[in-house]
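Chain by chain, the residues run as shown.
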Amino acid sequence: MTITALIDKQDNFEVIRDQIVTILVTEIASQQSLATAAAKDPDEWKLRIFAERSNPWEQYLNDSASDPSPIVNVWYDNSNFDQSGSNISERQKTDGIFNIDCYGYGVSEDDGGTGHKPGDREAAYEVQKALRLVRNILMSAEYTYLGLRGLVWQRWPQSITVFQPQIDGRQVQQIVGARIAFRVLFNEFSPQVVAETLEYLSVDVKRAEDGEIVLEADYDYTAP
Amino acid sequence: MGLREIAESDLGAILEDSAYGFGYPITVTDPAGTVKPFTGYSNDISQIIDPDTGQAVSGRLASAAIRISSLTAAGLTLPQGIADTSKKPWIIEFDDINGNAYKFKVSQSNPDRALGLVVCLLEFYK
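Note that this is a predicted model, so its numbers are computed, not measured.

Engineer: What's the story with the overall build of chain B in this structure? I'm lost.
Structural biologist: In terms of helices and strands, chain B carries 2 helices and 6 strands. Listing every helix and strand of chain B by position from the N terminus yields α-β-β-β-α-β-β-β. Scored against the burial criterion, the 126 residues of chain B give a buried share of 40%. Of all intrachain contacts in chain B linking residues separated by at least 6 positions in sequence, the fraction that spans at least 24 positions is 50%. Carbon together with sulfur atoms contributes 53% to the accessible area of chain B, which is approximately 6,500 Å² in total.

Engineer: Please clarify how the overall build of chain A should be interpreted in this entry.
Structural biologist: A tally of regular secondary structure across chain A gives 3 helices and 9 strands. Seen in sequence order, chain A has helices and strands lined up from the N terminus as α-β-α-β-β-β-β-α-β-β-β-β. Against the globule reference of 17 Å for 224 residues, chain A gives a C-alpha radius of gyration of 27 Å, more extended than a compact globule. Referenced to the eigenvectors of the C-alpha coordinate spread, the extents of chain A come out at roughly 100 × 40 × 30 Å. Relative to its full complement of 224 residues, chain A shows a buried share of 41%. Considering only contacts within chain A whose residues lie at least 6 apart along the sequence, 59% involve residues at least 24 apart. Accessible area for chain A stands at about 13,200 Å²; split by element, carbon and sulfur atoms hold 49% of it.

Engineer: For this particular structure, what's the right way to read the sheet that holds strand β2 (residues 71-82) of chain A?
Structural biologist: Neighbouring strands of a sheet are bound in pairs by backbone hydrogen bonds; such pairs are parallel or else antiparallel. Residue and element names in this part refer to chain A. Ordered in space as β1-β2-β3-β7-β6, the 5 strands form an open sheet in which the pairing is mixed. Among the strands making up the open sheet, the edge pair consists of β1 (48-51) and β6 (152-163). When strand polarity is set aside, the average angle formed by the axes of neighbouring strands in this sheet is 25°. Its contacts with the sheet place helix α1 (residues 12-37) against β1, β2, β3 (91-106), β6 and β7 (174-189), and it is angled at close to 130° to β7.

Engineer: So what exactly am I meant to see when it comes to a nonpolar patch on the surface here?
Structural biologist: Side chains of Leu201, Val203, Val205, Ile213, Leu215, Tyr219 and Tyr221 of chain A sit close together on the surface and give an oily, nonpolar patch of about 780 Å² of accessible area. Relative to the elements of secondary structure, Leu201 of chain A occurs in strand β8 (residues 201-207).

Engineer: Even after reading the chapter, I still don't get unusual backbone geometry, so can you show me in this structure?
Structural biologist: In terms of backbone geometry, most residues other than glycine have negative phi values and most peptide bonds are trans. Residues and elements named next belong to chain A. In this structure, Ala39 takes a positive phi of about 60° despite not being glycine. By secondary structure assignment, the location of Ala39 is in the loop between α1 and β1. You can call Ala39 exposed: its relative accessible area is 73%. Backbone geometry places Glu52, a non-glycine residue, at a positive phi of 55°. Turning to its location among the elements, Glu52 is positioned in the loop between β1 and α2 (58-61). Classification of Glu52 as partly exposed rests on a relative accessible area of 39%.

Engineer: What am I meant to see in the pattern of salt bridges here?
Structural biologist: Side-chain pairing between opposite charges can occur once the charged atoms of the two side chains come close. Residue and element names in this part refer to chain A. Using the criterion set out here, one finds 15 salt bridges over all chains in the structure. The salt bridge involving Glu52 is made with Arg17; its shortest N-O contact spans 3.5 Å. In this pair, Glu52 sits in the loop between β1 and α2 while Arg17 sits in helix α1, placing the two residues 35 residues apart along the sequence. Owing to a relative accessible area of 15%, Arg17 belongs among the buried residues under this scheme.

Engineer: Where do I start with the environment of Tyr102 of chain B in this structure?
Structural biologist: All names here are of chain B. You can see Tyr102 is positioned in strand β5 (residues 101-112). When the C-alpha atoms of Tyr102 and Asp44 are compared, they prove to be 9.6 Å apart, with 58 residues separating the residues in sequence. Once residues lying within four places of it in the same chain are set aside, the contact partners of Tyr102 are Asp44, Arg60, Ile92, Glu93, Phe94, Asp96 and Phe124.

Engineer: I tried to follow the confidence of the model for chain B on my own but got confused; where do I start?
Structural biologist: Segments scoring low in pLDDT should not have their predicted coordinates read at a detailed level. Residues at a pLDDT of 70 or more form 90% of chain B, whose mean pLDDT is 88. Model confidence for the complex is summarised by a pTM of 0.78, with the ipTM given as 0.77.

What counts and how
Residues numbered from 1 in each chain as written. Chains lettered and ligands numbered in written order. Predicted model: local features only at pLDDT ≥ 70, side-chain atom pairs only at ≥ 80, totals over all residues. Heavy atoms only, no water. Helix = DSSP H or I, 4+ residues; strand = E, 2+ residues; numbered from the N terminus. Buried < 20%, exposed > 50% of the residue type's maximum accessible area, 1.4 Å probe, protein only. Contact = heavy atoms within 4.5 Å. Areas by Shrake-Rupley, 256 points an atom, 1.4 Å probe, with all protein chains shown as cover. Rg over C-alpha atoms; globule rule 2.2 N^0.38 Å. Pairing = 2+ DSSP bridges. Axes fitted to C-alpha atoms, helices over the stretch in contact; angles between N-to-C directions. Patch = residues over 30% accessible without salt bridge, like charges linked within 9 Å, V, L, I, M, F, W, Y side chains within 5 Å. Salt bridge = Lys/Arg side-chain N within 4 Å of Asp/Glu carboxyl O. pLDDT = per-residue confidence, 0-100.

Set out below in structure tokens:
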């Protein structure tokens, strides 16, 4: 016996990863519009969102004139399945981790006065800004279920870890990375056997006043 | 002349020979704004950085090596990284081999006082 239906769908961990990306892209654009309306610099709210990328920095590390906005890379890390909350045939309750890596980029520059702005500090501020925006967006009341109610049980920022990617502090560009381990509880579903109808059967269950149970069955069949 | 003096003298021939060696023009600006030209070694190369996120990112490393006696002869002290944001950093400028100009600040200074050489580790500055 084989599965008769083509498995032509996304699993829900893929749906949720894409939904996280969609939420971030949509809300960052919205935040930039709100900043413009508030007469603030919308670039301060700009993040560049990627999914499942291995080296999103490459574009501008060798091109200092390109967009230096913080980069966010959303990628699926792992899942654990909770048997006690699942059933053996169709649904697996899943505890998934989606890593949301943020990278801040800073270049030392003259402050226009008697001092300077150090690039390492600017990079840390940039990545912290990205962390702030991402966490606030994903944990806002509007996205309690990430817009996937019925599929998502719960979302939670499990941890935030900041990395200082340095080779003895020697690199030309100052980069600080940070990871939000974003935990999502959700359901995964698996293909089911499509039952074949053999015969329709209708049964009425009646209980008499003395407590006796009486069944009355209707069989729809063609007499031979 | 001892071997160390000979080595320091050779350093000038090795480091500051822009005609037949790897010497290349370098401009140094101290925090007071004094600008002096030198000839020395300059490097600007790509390197992969591991940010510990499991995903490598591209990076660049730049450095400049200058003869200490040339710096002092020009009236400058040893360059050093300046952490104090209320002060100007040491600035080093040089072109790449294709003539593109780059400006860096000194983030770390590694002087070799035995040989008379200072290697400055650099980061972009604008």
